[in-house]
Amino acid sequence: MRLTILAIAALFAAAPDAEGSPISGARQLTFEGVRAGEGYYSADGSKMIFQSEREPGNPFYQMYVMDLATGDVERVSPGIGKTTCGWISPDGKRVMFSSTQFDAEAQAKMQAELDFRASGQTRRYQWDYDPAYEIVERDLETGEFRQLTDALGYDAEGSYSPDGSKILFASNRHAYSEELSAEDAALLARDPSFFMELYVMDADGGNVRRLTDAPGYDGGPFWSADGTQFTWRRFSQDGARAEIYVANADGGDQREITDLGVMSWAPFFHPSGEYLIFNTNLQGFANFELYIVDAKGEKQPVRVSDRDGFDGLATFAPDGETVSWTSNATSRRNSQIFVADWDHEAAQALLAAVPVRAAAGAQTSPEIEVADLKTHVEVLASEEMAGRLTGTEGEKLATAYVADAFAAMGLAPAGDDGWFQPFDFTAGVDLGDGNALTISIDGDSEDKSIKTAWTPLAFSLTGEAAEAPVIFAGYGLVAPEEGDQATIDSYGDLDATGKWVLIWRGMPGGLSAERRTWLSRFADMRYKASVAKSRGAAGVIFAPPIRDDFPDGVPRLSYEATSGAASLPVVAVRRAEMMSMLSILGDDLDDMAHTVEAGKADGSDLIGVSVKAAVGLTFETRTGRNVLGRLDLGGGDAPPIIIGAHVDHLGRGETSGSLASSDDYGQIHFGADDNASGVAAILEVAERLASWRAEGKLDGKRDVIFAAWSGEELGLLGTEHFVDKVVEKAAASDLADLVSAYINLDMVGRMEDKVIVGGVGSSPIWEREIERRNAVIGLPIVTNADTYLPTDSTAFYLKKVPILSLFTGAHTDYHTPLDTPDKLNYDGTRDIARFVALVARSRALDDEEPPFLERDRPRGSGGRVMSGVFLGTIPDYAQEGVTGVALSGVVKGGPAQEAGVQDGDVLVGINGQELANIYDFVRSLNGLRPGETVPMIVMREGARVELEVTPQSRDQ
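Cut-offs used in this document
- Residue positions are given per chain, counted from 1 along the sequence in the order it is written.
- For a predicted model such as this one, the threshold for reporting local features is a pLDDT of at least 70, and the threshold for listing and counting side-chain atom pairs is 80 or more; totals across whole chains, interfaces and linings nevertheless cover every residue.
- Each side-chain value is derived from all of the structure's non-hydrogen atoms; neither hydrogens nor water enter the calculation.
- Numbering of helices and strands starts at the N terminus; helices are DSSP runs of H or I of at least 4 residues and strands are runs of E of at least 2.
- Buried means the residue's accessible area, taken with a 1.4 Å probe over protein chains only, is under 20% of the maximum for its type, while exposed means over 50%, and partly exposed covers the values in between.
- Per-residue and other accessible areas follow the Shrake-Rupley method at a 1.4 Å probe size, with only the shown protein chains counted as cover for residues.
- Under this rule, positive means Lys or Arg and negative means Asp or Glu; His and the chain ends count for nothing.
- Charged groups are reduced to one reference atom each: NZ for lysine, CZ for arginine, CG for aspartic acid, CD for glutamic acid.
- For two strands to be treated as a pair, DSSP must find at least two bridges joining them.
- The criterion used for residue contact is that any of the two residues' heavy atoms lie within 4.5 Å.
- Note on definitions: angles span 0 to 180 degrees between N-to-C directions of axes, and those axes are lines fitted to C-alpha atoms, for helices only across the stretch in contact.
- For every residue, the predictor reports its confidence as pLDDT, a number between 0 and 100.
- In plain words, nonpolar cores are sets of buried Ala, Val, Leu, Ile, Met, Phe, Trp, Tyr and Cys residues tied together by side-chain atoms within 4.5 Å.
- One less than the number of residues in a helix, times 1.5 Å, gives the span that helix is expected to have.
- Starting at the helix axis, one direction is taken to each C-beta atom, and the arc is that of these directions.
- Classification of ring pairs uses Phe, Tyr and Trp, with its six-membered ring standing for Trp, and accepts pairs whose centres are within 6.5 Å; under 30 degrees between planes counts as stacked, over 60 as edge-to-face, and the remaining range as tilted.
- Only when the NZ atom of a Lys or the CZ atom of an Arg is both within 6 Å of the ring centre and within 35 degrees of the ring normal do we say a charge sits over the ring.
- In protein, a polar contact means a hydrogen-donor-capable atom and an acceptor-capable atom, both N or O and within 3.5 Å, with residues adjacent in sequence counting only if both atoms are side-chain atoms; elsewhere, any N or O pair within 3.5 Å suffices.
- Each patch is built from residues that are more than 30% exposed by relative accessible area and take part in no salt bridge. Like charges join if they lie within 9 Å; nonpolar side chains (Val, Leu, Ile, Met, Phe, Trp, Tyr) join within 5 Å.
- The salt bridge definition used is simple: a Lys or Arg side-chain nitrogen within 4 Å of an Asp or Glu carboxyl oxygen.
- For classification purposes, angles smaller than 35 degrees are called roughly parallel, those larger than 145 roughly antiparallel, those between 65 and 115 roughly perpendicular, and all remaining angles oblique.
- Here a crossing is called left-handed whenever its near helix is offset anticlockwise from the far helix by less than a right angle, and right-handed whenever the offset is clockwise.
- Amino acids are sorted into nonpolar (Ala, Val, Leu, Ile, Met, Phe, Trp, Tyr, Cys and Pro), charged (Asp, Glu, Lys and Arg) and polar (every other residue, Gly among them).

1. Considerations on the overall build of the protein
When helices and strands are tallied, the protein shows 17 helices and 51 strands. Taking the principal axes of its C-alpha atoms as reference, the protein extends roughly 100 × 75 × 55 Å. Sorting the 956 residues of the protein into buried and exposed places 58% on the buried side. A total accessible area of about 37600 Å² is found for the protein, and carbon and sulfur atoms account for 47% of it. Seen as two clouds, the 84 positive and the 147 negative side-chain charges of the protein have centres 2 Å apart.

This is the structure:
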């Protein structure tokens, strides 16, 4: 698949205020009434006709003309019935619109709508294709109305030709005049828009001629400025998609100029005739954006607006220097007309930069090819995608690209919103109101400045913290003896009860590399705060150590989506504030710092030093989205196979997980291997299976769903959401009867000497499949029976679905900006994709469901094990707002299962320690010994359940 994937247009998206965008100076034009929209300029640009719901006693649109020189507005419709789709004649003497004013039931329909609204009831908004709509003309000098059409059916969407001699319009009149089959009659009653076609007539209403004859809605026609062409939108038969079309003035040479596979409509020519503007929901079901496309449809469309919500129905002023459109970017979130300056040269530059698209209907190569894989990876791991962090614009671009690829292959949308399945999550944190920090030294108090001198940390407890004394605990490290590594306890004999603990960030500078590596898991600030809480601390103050090689300042306020909040206040200060508190130590400070830097305990009570604080934080909720496409193989109700790969990555390292060096801080994490490689592979597998279907070689027993998951890097958020939604919808306890098998591709781009195929122990079918399909491909496969894997497949396995997960191994560029497309082994990825395609084909042709095996977890086999003990608990890294550690499941035969822990339990205590979050859990594990039974407390359906658990060695 070369550059024929039309969603590559997203790479060239431009925000209205971005450099090079054609839109600038946007402002709201209409304000009055419930809503307004569809504004069209007069031929001289001096007036605009638009529709608005603002008439007292009429709940429907009426037509208005605004004088753009004075701002005066005049209603030009009678005020009775419904109106839509206005236009001003080229000579400016008449206006045309569609109206039900001649309907004998017009007044009754108005009252019925008013009564419905007064009742407090609501309905989903849906346009009314009232068959009483007729096209009406009003003489602006005499005020007389003239009915131009008189046929049962919806006659509307009219526009004058530039010379005023013709009127283009849309109508479903033929469906009311022709004899319909029983099936079509039922369809007309259910969806009258299906029968909409384009017509042309003389300006006086005579000589009516039909121009289109295609199943589905054809509508919204407009002439080009020179009158030689017209444009319109054509919907698919199921009404789920629409594309933009252009034809000659006589209706000949009808051609599709977009192929986005989503809802694209409301096209309008720029006066130059070079390009059109239209709106599309390529970025999401409810997020319509403005795009431009060249009039010949030879290039990719380009996005020119960037705002969540509806932006559409755009038109140009006759001089081509002004654009207006309908948007709900208003203070009341109601639709009104906006207007802005338009830069024609900037629009030309945008279109010149995009690649040429293949002619409509052209097929990409059905083979799985290196060139196609490379194209996908280079797009997904490009600077424009900005690291694809969940909930960001980069993720939107990446998911739009995948959705467009699915559409081009002939897959059907399988998400909640077309191709997409959105999910909300907490993504960010900012300072709230009331933040304050006061440091007192020997009775002298000083209030510190927020942001410059100090900041609360994102996991801090919010609210006021009373004044309390301060102790210094060095680096705040507490870790048990393990192998050759000696125990460490920075607190020594210090009593932290009821006190603030001043702790240096990071680790001692005088340690060996081996010692630092071992201590790194105990050096996280959250973990240190959890230890301080276990010692009875009132709060924690983090500060940079005295060392010259450790930068001064406070850490940035950033949110980590998967770890929960601490249950005590946590702040960070600059070195100056720290030194003022440590100055109480006098000459002892240098010796103490030297001891601490050597990794030894040498803290102290800071007598005479006290701190009080108030912490206020606000949290940002964002929306991520999975992309889901279904390949229909005739499987009917049989459980489908799902093949997935996560599309998200780490952005610029804003969240936890980045392993970038200090030199690469804030740089784009391209994620070529992790996991553009996996997404590229599933796109190629989808295309291969679709080509086999088209060739009649794959009449399957079950369908295949292809999924690009988001939120994996934040804790399997996307797959957890999908699994929960499917189970909830089916009112089932697991996925066993809903999904046949799941195949995952995560980091398959760096094959050297092996391909690790995990999850083999989830079903007895996998070894047979691997043997037979790899006999064709010849991959150096190493199988792994482990089914508890730190990737998306685990969400399926926990719901009793057989899984297979492919991975080519870790590397030093993992989770850094150095994971770039040039480092991938594309030949290896091609062979992996070919192997997966053969496995998927085999499973699709098999009408037997693969048996599911529930397995013990092999010790020391990877996954999310922490500390030297093994409990067999599987934290739910997607669950938020929970005090404790929510569990997705437990390992079969593990200590937790034997203790009676169940899926869905929330672990709130172990060995006498309360657990507020996962960091408390990690800390508590370090205090456990294999074979020593300890109490455990879980919350189950609101009840507190006391259990006993006997940890095992993780290497047992």
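2. Remarks on unusual backbone geometry
In this model, D674 is joined to N675 through a cis peptide bond whose omega is 5°. Within the secondary structure layout, N675 lies in helix α11 (residues 672-694). Look at K800: it is not a glycine, yet its phi comes out positive at around 65°. Examined against the element boundaries, K800 turns out to sit in the loop between α14 (793-797) and β43 (803-807).

3. Focus: the sheet that holds strand β19 (residues 275-280)
Whether parallel or antiparallel, the strands of a sheet pair through hydrogen bonds between backbone atoms. The strand order across the open sheet built from four strands is β18-β19-β20-β21, with neighbouring strands paired in antiparallel fashion. Strands at the two margins of the open sheet, each flanked by one partner only, are β18 (264-269) and β21 (302-303). Sheet strands in contact with helix α4 (residues 344-353) are β19, β20 (289-294) and β21, and its direction is about 75° off that of β20.

4. Focus: the sheet that holds strand β9 (residues 145-147)
As summarised here, the arrangement of the four strands in space is β6-β7-β8-β9, forming an open sheet in which the pairing is antiparallel. The strands lining the two open edges of the sheet, one partner per strand, are β6 (83-88) and β9. Strand-to-strand, the axes of this sheet are offset by a mean angle of 25°, without reference to chain direction. Where β6 lies against strand β7 (residues 94-99), four bridges are found, and the strand directions are antiparallel. In the strand pairing of β7, I88 is matched with V95.

5. Comments concerning the confidence of the model for the protein
Summarising the model, the protein shows a mean pLDDT of 88, and 92% of its residues fall at 70 or more. Below pLDDT 50 for its whole length, residues 1-19 participates in 70 contacts with residues either more than four positions away or in separate chains. Of the regions scoring below 50 in pLDDT, residues 358-364 engages in five contacts with residues more than four places distant in sequence or in other chains.

6. Topic: the nonpolar core
Residues W419, I643, L689, F706, L806 and V836 are the most contacted members of the largest nonpolar core, which totals 82 residues. It is α11 that contributes the most residues to this core, twelve residues altogether. Among all residues touching V836, those that are not within four sequence positions of it are I643, V685, I743, L745 and L806. If you look at the next biggest cluster of nonpolar residues, it comprises 62 residues, including W454, V470, V571 and V922.

7. Regarding helix α13 (residues 765-777)
Between its first and last C-alpha atoms α13 spans 18 Å; for 13 residues at 1.5 Å apiece the expected length is 18 Å, and the two agree. All of the buried residues along α13 are I765, W766, E769, I770, R773 and N774. Projected down its long axis, α13 carries its buried residues within an arc of 125°, all on one side. In α13, the exposed positions angled more than 90 degrees off the buried face are occupied by E767, E771 and A775. Elements in contact with the buried residues of α13: β40 (741-745), β41 (755-758), β42 (781-784), β43 and α15 (826-845). At the exit of α13 stands G778, carrying a positive phi of roughly 80°.

8. So, the packing of aromatic side chains
The full count for this structure, using the stated rule, is 37 aromatic pairs. Taking the centre distance of 5.1 Å and the plane angle of 85° together, the rings of Y133 and Y154 count as edge-to-face. Of the two residues, Y133 sits in the loop between α1 (106-118) and β8 (134-139) while Y154 sits in the loop between β9 and β10 (155-160), which places them 21 residues apart along the sequence. Given the relative accessible area of 2%, Y133 is considered buried. Where W223 meets F230, the ring centres are 6.4 Å apart and the plane angle is 75°; that geometry is what we call edge-to-face. The pair formed by W223 and F230 is uniform in burial state, with each residue classed as buried. Among the aromatic residues, those joined into a ring-pair cluster are Y129, Y133, Y154, Y217 and F235. Over the face of the ring belonging to F60 we find K82, whose NZ or CZ atom lies 5.2 Å from the ring centre.

9. A short note on the side chain of R233
The topology assignment puts R233 in strand β15 (residues 229-235). At 3.2 Å, the side chain of R233 and the side chain of Y217 are in polar contact. Dropping the residues within four chain positions of it, R233 is found in contact with E157, Y217, D218, G219, G220, E243, I244, S264, W265, A266 and P267.

10. Observations regarding a negative patch on the surface
Taken together, the side chains of D587, D588, D590 and D591 define an acidic patch exposed on the protein surface. Position of D588 relative to the elements: it lies in helix α10 (residues 588-597). On the basis of relative accessible area, D588 is assigned to the exposed category, the value being 52%.

11. Observations regarding the pattern of salt bridges
Enumeration over the complete set of coordinates arrives at 46 salt bridges. As a salt-bridge pair, R234 and D218 come within 2.6 Å of each other at their nearest N and O atoms. With a gap of 16 residues between them, R234 in strand β15 and D218 in strand β14 (residues 218-223) connect regions that are remote in the sequence. For the pair shown, R234 and D218 are each scored as buried. Its salt-bridge partner being D416, residue K725 comes within 3.9 Å of it at the nearest N-O pair. You can see K725 sitting in helix α12 (residues 717-730) and its partner D416 sitting in the loop between β25 (412-413) and β26 (420-431), a full 309 residues away along the chain.

12. Here's the deal with the side chain of H646
When you line up the elements, H646 lands in strand β38 (residues 641-646). Judged by its relative accessible area of 0%, H646 is buried. In this structure the side chain of H646 is engaged in a polar contact, spanning 3.0 Å, whose partner is the backbone oxygen of D648. A polar contact is formed between the side chain of H646 and the side chain of D746, at a distance of 3.2 Å. Not counting chain neighbours up to four residues away, the residues in contact with H646 comprise D674, N675, V679, W709, E712, E713, D746 and D792.

13. Re helix α6 (residues 393-409)
Over its 17 residues, α6 extends 25 Å from the first C-alpha to the last, a length consistent with the 24 Å expected when each residue adds 1.5 Å. Positive backbone phi, at 90°, marks G410, one or two positions downstream of α6.

14. Brief notes about the environment of P78
Turning to its location among the elements, P78 is positioned in the loop between β5 (73-75) and β6. As for P78 and Q101, which are separated by 23 residues in sequence, their C-alpha atoms are 7.3 Å apart. Sequence-distant contacts of P78, that is, excluding residues within four places in its chain, are made with Q62, F97, Q101 and F145.

15. Observations concerning the environment of V727
If you trace the backbone, V727 turns up in helix α12. For the pair V727 and F145, spaced 582 residues apart in the sequence, the C-alpha separation amounts to 58 Å. Among residues more than four places away in sequence, those in contact with V727 are A732, S733, D734 and L735.

16. Thoughts on the packing of α6 against α11
Direction vectors running N to C along α6 and α11 enclose 15°, while the axes themselves pass 10 Å from each other. Here α6 is positioned roughly parallel relative to α11, judged by the angle of their axes. Pair α6 / α11 crosses with right-handed handedness. Within the contact between the two elements, α6 uses Y401, V402, A405, F406 and M409 and α11 uses V679, L683, A686, E687, A690 and R693. Grouping the amino acids of the contact of α6 with α11 by side-chain chemistry returns nine nonpolar, no polar and two charged.

17. Let's talk about the environment of I471
Turning to its location among the elements, I471 is positioned in strand β30 (residues 463-472). The buried category is assigned to I471, whose relative accessible area is 0%. Separated by 136 residues in sequence, I471 and I607 have C-alpha atoms that sit 8.1 Å apart. Contacts of I471, omitting those with residues within four sequence positions, involve L494, D495, A496, K499, W500, V501, L502, S604, D605 and L606.

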